[in-house]
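The lines below spell out each chain.
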Amino acid sequence: MSEADDQDKDAKRREYNRNAQRVFRQRRKEHIRNLERAQNERISSQTEVIEQLRMENSELRRENEALSTLPSDCSSPSRLSVTTPSHSSSGEPSHFLAMSQSIPDTHSPNAPETSTGFPFHLSNPTSEISRLSNRLCILSPYDITRMRSYLHSLFRPVLNLIVDGMLPDPRIHLLTLAGLGPSLSSSLQPTSLQLEIPHNVYIDLIPSPSLRDALLRSDSTTVAAFLANVCTFVCDIEDRGQVTIWGEDFLNEFSWEFSESVLEQWGGWFLPPIWHERADFWRRQRGDSPLTIGWPVTSRSI
């Protein structure tokens, strides 16, 4: 083979390599362009959804304000006292709690709190049933499935970032959450930690700022275990009575009662003593004995 043939082959090889590199660069550029276009379309779509949710939230707030001006037979929990606790022999949460409005004088600005640490007048004499029957407010456990559906609809822009079970890019997640924040109620508005620390998106759906921050300070494996075993109102998991939501105000964490088994496993960790106190409060309303869990309970008011 002559030297001229070798040079010709080398020239063809170099030309082939140049063409291959040019085609590769073109394909890479086109691929990046397609990814950027898809990302921009996705962000645009999410922005539209967020704006729509803001409008819906504003409308719901206006309706809520209008309804709050109407007379009601039931007060908020801070204005209620138990008159006829109902409970089962097994000690599980009953189907309802019958509550009545407290005497206004006991809730004046200067009225002291009760010895239980709650601003409630707690009583349960049977003789009061007939006298207060026309003022009863029945609290029943809220449907966990309905609560979960509501939270998922609110956080649809965030949950839509999950693709094939994979958590989203933290930067996109935090930006989307920040954009959604102003349209959310106070118990769901993201904390400063939420907007700084990459985290599991399902934490955002928990209507308790203190619980969310506690989860953010823990490792991802432990957080995933807590979400998958306890948070029936956030994750689609089996409802074994891990938490009971009393009444319609499910965004108010006061209405939550974590079960004894949950408090035994997670109490003092993600669930500090205040959750124990709340559970004991709801247990007293149905006539159950307080929990006996081996970690200290503070006496601060809920």
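Remember, it's a predicted structure, so these values are computed and weren't measured experimentally. Numbers given to residues run from 1 along each chain, matching the order in which its sequence is written. For a predicted model such as this one, the threshold for reporting local features is a pLDDT of at least 70, and the threshold for listing and counting side-chain atom pairs is 80 or more; totals across whole chains, interfaces and linings nevertheless cover every residue. With hydrogens and water stripped out, all remaining heavy atoms of the structure feed into the side-chain values.

A word on the overall build of the protein chain. Secondary structure elements are taken from DSSP: a helix is a run of H or I of four residues or more, a strand is a run of E of two residues or more, and numbering for both begins at the N terminus. Within the protein chain, the regular secondary structure consists of 9 helices and 5 strands. Counting from the amino terminus, the protein chain carries its helices and strands in the arrangement α-β-β-α-β-α-α-α-α-α-β-β-α-α. Here's how the labels work: a residue is buried when its accessible area is under 20% of the maximum for its type, exposed when over 50%, partly exposed in between, all with a 1.4 Å probe on protein chains only. Scored against the burial criterion, the 302 residues of the protein chain give a buried share of 37%. In what follows, residue pairs with any heavy atoms lying within 4.5 Å of each other are defined as contacts. Across the protein chain, every contact between residues at least 6 apart in sequence was considered, and the portion connecting residues at least 24 apart equals 63%.

Its location among the elements puts Ser-208 in the loop between α5 (170–180) and α6 (209–216). Taking the relative accessible area as the measure of exposure, Ser-208 reaches 0% and is therefore buried. Pairs of N or O atoms are called polar contacts if they sit within 3.5 Å, as long as, within protein, a hydrogen donor faces a hydrogen acceptor (for residues adjacent in sequence, only side-chain-to-side-chain pairs). For Ser-208, the side chain forms a polar contact with the side chain of Glu-253, separated by 2.7 Å. Each residue touching Ser-208, except ones within four places of it in the same chain, is listed here: Ser-187, Glu-253, Trp-256 and Trp-275.

Another aspect to go through is a positive patch on the surface. Without a salt bridge and with relative accessible area above 30%, a residue can belong to a patch; like charges are then joined within 9 Å and nonpolar side chains (Val, Leu, Ile, Met, Phe, Trp, Tyr) within 5 Å. The protein chains shown are the only cover counted for residues, whose accessible areas, like all others here, come from Shrake-Rupley with a 1.4 Å probe. Salt bridge, as applied in this entry: a Lys or Arg side-chain nitrogen positioned within 4 Å of an Asp or Glu carboxyl oxygen. In this count, Lys and Arg are taken as positive residues and Asp and Glu as negative ones, while His and the chain termini are left out. To locate a charge, the coordinates of NZ of Lys, CZ of Arg, CG of Asp or CD of Glu are taken. Taken together, the side chains of Arg-22, Arg-25, Arg-28 and Lys-29 present a region of like positive charge at the surface. For Arg-28, a relative accessible area of 46% puts it in the partly exposed group.

Time to look at the confidence of the model for the protein chain. As a per-residue quantity, pLDDT reports the predictor's confidence and falls between 0 and 100. Per-residue pLDDT for the protein chain has a mean of 75; in total, 71% of the residues score no lower than 70. When the criterion is pLDDT under 50, residues 98–136 qualifies, and its contacts beyond four places in sequence or with other chains add up to 81 contacts. Segment residues 296–302 is flagged for pLDDT under 50; beyond a separation of four residues in sequence, or across chains, it makes 19 contacts in the model.

Attention now moves to the nonpolar core. Membership of the largest hydrophobic core comes to 47 residues, with the highest contact counts inside it found for Phe-155, Ile-206, Phe-226, Phe-233, Trp-256, Phe-258 and Leu-271. For Phe-233, the residues in contact, after removing those within four places along its chain, are Ile-144, Met-147, Arg-148, Leu-151, Ile-206, Pro-207, Val-243 and Trp-256. One finds Leu-139, Trp-246, Phe-254 and Trp-282 within the second-largest nonpolar core, a separate group that totals 5 residues. For our purposes a nonpolar core is just a set of buried Ala, Val, Leu, Ile, Met, Phe, Trp, Tyr and Cys residues, chained together by side-chain atoms within 4.5 Å.

It is worth spelling out the pattern of salt bridges at this point. This model, assessed by the stated rule, comprises 8 salt bridges. In this structure, Glu-15 engages Arg-18 in a salt bridge whose closest nitrogen and oxygen atoms are separated by 2.6 Å. One end of the pair is Glu-15 and the other is Arg-18, both in helix α1 (residues 3–68) and 3 residues apart, which spans about a single turn. Classification of Glu-15 by relative accessible area gives partly exposed; the value is 37%.

The subject of this paragraph is α5. Burial in α5 covers these residues: His-173, Leu-174, Thr-176, Leu-177 and Leu-180. Angularly, the buried residues of α5 cover 165° about the axis, an arc narrow enough to put them on a single face. Along α5, exposed side chains directed more than 90 degrees from the buried face belong to Arg-171 and Leu-175. In this structure Asp-169 caps α5, since a side-chain oxygen of it lies 2.9 Å from the backbone nitrogen of Arg-171. Throughout, the arc means that of the directions going from the helix axis to the C-beta atoms.

Moving on to the packing of aromatic side chains. What counts as a ring pair is set by centres within 6.5 Å for rings of Phe, Tyr and Trp (its six-membered ring), and what kind of pair is set by the plane angle: stacked under 30 degrees, edge-to-face over 60, tilted for all other angles. One pass over the structure, following the stated rule, counts 13 aromatic pairs. Where Phe-226 meets Trp-266, the ring centres are 5.1 Å apart and the plane angle is 85°; that geometry is what we call edge-to-face. Of this pair, Phe-226 sits in helix α7 (residues 220–229) while Trp-266 sits in helix α8 (residues 260–266), and the two are 40 residues apart along the sequence. As far as burial versus exposure is concerned, Phe-226 and Trp-266 are alike and both buried. Ring geometry for Trp-266 and Phe-270: centres 5.6 Å apart, planes at 15°, overall stacked.

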